[in-house]
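# What the coordinates show
Spelled out from the first residue to the last, the chains are:
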Amino acid sequence: MANYQKNGIQIVGLRKVVRQIEKLGVEAEDLKGAFRRIGARALSTANAGTPVSSGALKASNRQSKRKNSVYLYSGKAKTYYARFVHYGTINMEKRPYLVAAVEKDGPWAVRELENEMDRLITKLGLND
């Protein structure tokens, strides 16, 4: 999912980790709040970096509502050009506003998940 070499952090298989934690008795709803907070912050960062002409592209940015991951989306039928803005074209330089949001907020998101996992471990009494 993420690779932050400069910090020595790499997250691989987060869904598997969440499934294993659920087997220990943690409700999926316990983690959903953390993923919503992470998504809300990333969406805010993405909105701040989204190029604005009419505002339609920025208005099309949204986050997923999943229990074990965060996805950012941009573009709808009327803003089909989101991919061209983000990835660029032969005639237009790329402006990767979604990637920039993930890169900026990624380290914070990792810390947020670590804190949430610590809280759940304590709640379950597994920290002995």
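Described in the following lines is the structure provided in the data block. Only a predicted model underlies this, so the values are computations on that prediction, with no experimental measurement involved.

The rules behind each value
- Each chain carries its own residue numbering, running from 1 in the direction its sequence is written.
- Per-residue local features of the predicted model are confined to residues with pLDDT of at least 70, and side-chain atom pairs are confined, for both listing and counting, to 80 or more; whole-chain, interface and lining totals are unaffected and use all residues.
- With hydrogens and water stripped out, all remaining heavy atoms of the structure feed into the side-chain values.
- Every patch collects residues that have over 30% relative accessible area and no salt bridge, joining them within 9 Å if they carry like charges and within 5 Å if they are nonpolar side chains (Val, Leu, Ile, Met, Phe, Trp, Tyr).
- In these tables, accessible area is a Shrake-Rupley quantity obtained with a 1.4 Å probe, and a residue counts as shielded only by the protein chains included in the view.
- Just to be clear on terms, a salt bridge is a Lys or Arg side-chain nitrogen sitting within 4 Å of an Asp or Glu carboxyl oxygen.
- Secondary structure elements follow DSSP: runs of H or I no shorter than four residues count as helices, runs of E no shorter than two count as strands, and numbering proceeds from the N terminus.
- A pocket here means an open set of points on a 1 Å grid, computed over the protein atoms alone, that has protein on both sides within 12 Å along at least five of seven lines. A cavity is instead a set of points where a 1.4 Å probe fits but cannot get out; residues with an atom within 4 Å of a point line either one.
- Grid points are joined across faces, edges and corners, and a volume is the space filled by probe spheres set on the points.
- The nonpolar class holds Ala, Val, Leu, Ile, Met, Phe, Trp, Tyr, Cys and Pro. Asp, Glu, Lys and Arg form the charged class, and all remaining residues, Gly among them, are polar.
- Expected span of a helix: the number of residues minus one, times 1.5 Å.
- Here the bend at a residue is taken as the angle between two axes, fitted respectively to the seven residues that end there and the seven that start there.
- Definition used in this section: a nonpolar core is a set of buried Ala, Val, Leu, Ile, Met, Phe, Trp, Tyr and Cys residues joined via side-chain atoms within 4.5 Å.
- For the exposure calls, accessible area comes from a 1.4 Å probe over protein chains only, and a residue counts as buried if that area is under 20% of its type's maximum, exposed if over 50%, partly exposed in between.
- We call two residues contacting when some pair of their heavy atoms lies within 4.5 Å.
- Stacked, edge-to-face and tilted labels apply to pairs of Phe, Tyr and Trp rings (six-membered ring for Trp) whose centres lie within 6.5 Å, assigned for plane angles under 30 degrees, over 60, and everything in between, in that order.

A cluster of nonpolar side chains, Tyr80, Phe84 and Met92, forms an exposed patch at the surface whose accessible area comes to about 290 Å². Mapping Tyr80 onto the fold places it in the loop between β4 (72-73) and α4 (82-87).

This part takes up empty space enclosed by the protein. Per the stated rule, a full pass over the model turns up one cavity of 30 Å³ or more. Of the voids in this model, the largest cavity is the one considered here, and its volume is about 30 Å³. If you trace the largest cavity, you find it lined by Phe35, Arg36, Gln63, Ser64, Lys65, Arg66, Ser69 and Val70. Across the lining of the largest cavity, the residue classes tally to two nonpolar, three polar and three charged.

Let us now look at helix α5 (residues 97-124). The end-to-end C-alpha distance of α5 is 39 Å, a good match for the 40 Å that 28 residues give at a rise of 1.5 Å each. Along α5, the sharpest change in direction is near 50° and occurs at Gly106; proline Pro107 comes one to four residues later. Phi turns positive, to about 70°, at Gly125, one or two residues after α5.

Grouped together as the largest cluster of nonpolar side chains are 10 residues: Ala42, Leu43, Ala46, Leu57, Leu72, Ala82, Val85, Tyr97, Leu98 and Ala101. Broken down by secondary-structure element, the contributors of at least two residues to this core are α2 (28-49), α4 and α5. Contact partners of Tyr97, with chain neighbours within four places excluded, come to Ala46, Gly49, Thr50, Pro51, Leu57, Asn61, Ser74, Ala82, Val85 and His86.

Turning to the packing of aromatic side chains, a few remarks are in order. With the rule as written, the count across this model stands at three aromatic pairs. Relative to Tyr73, the ring of Tyr71 lies with its centre 6.4 Å away and its plane at 25°, an arrangement referred to as stacked. A relative accessible area of 33% places Tyr71 in the partly exposed class. With 6.5 Å between their ring centres and 80° between their planes, Tyr80 and Phe84 make a pair best called edge-to-face. Overall, the relative accessible area of 34% leaves Phe84 in the partly exposed class. In this structure an aromatic cluster arises from ring pairing among Tyr80, Tyr81 and Phe84.

Purely spatial values, then, with no claim about function.
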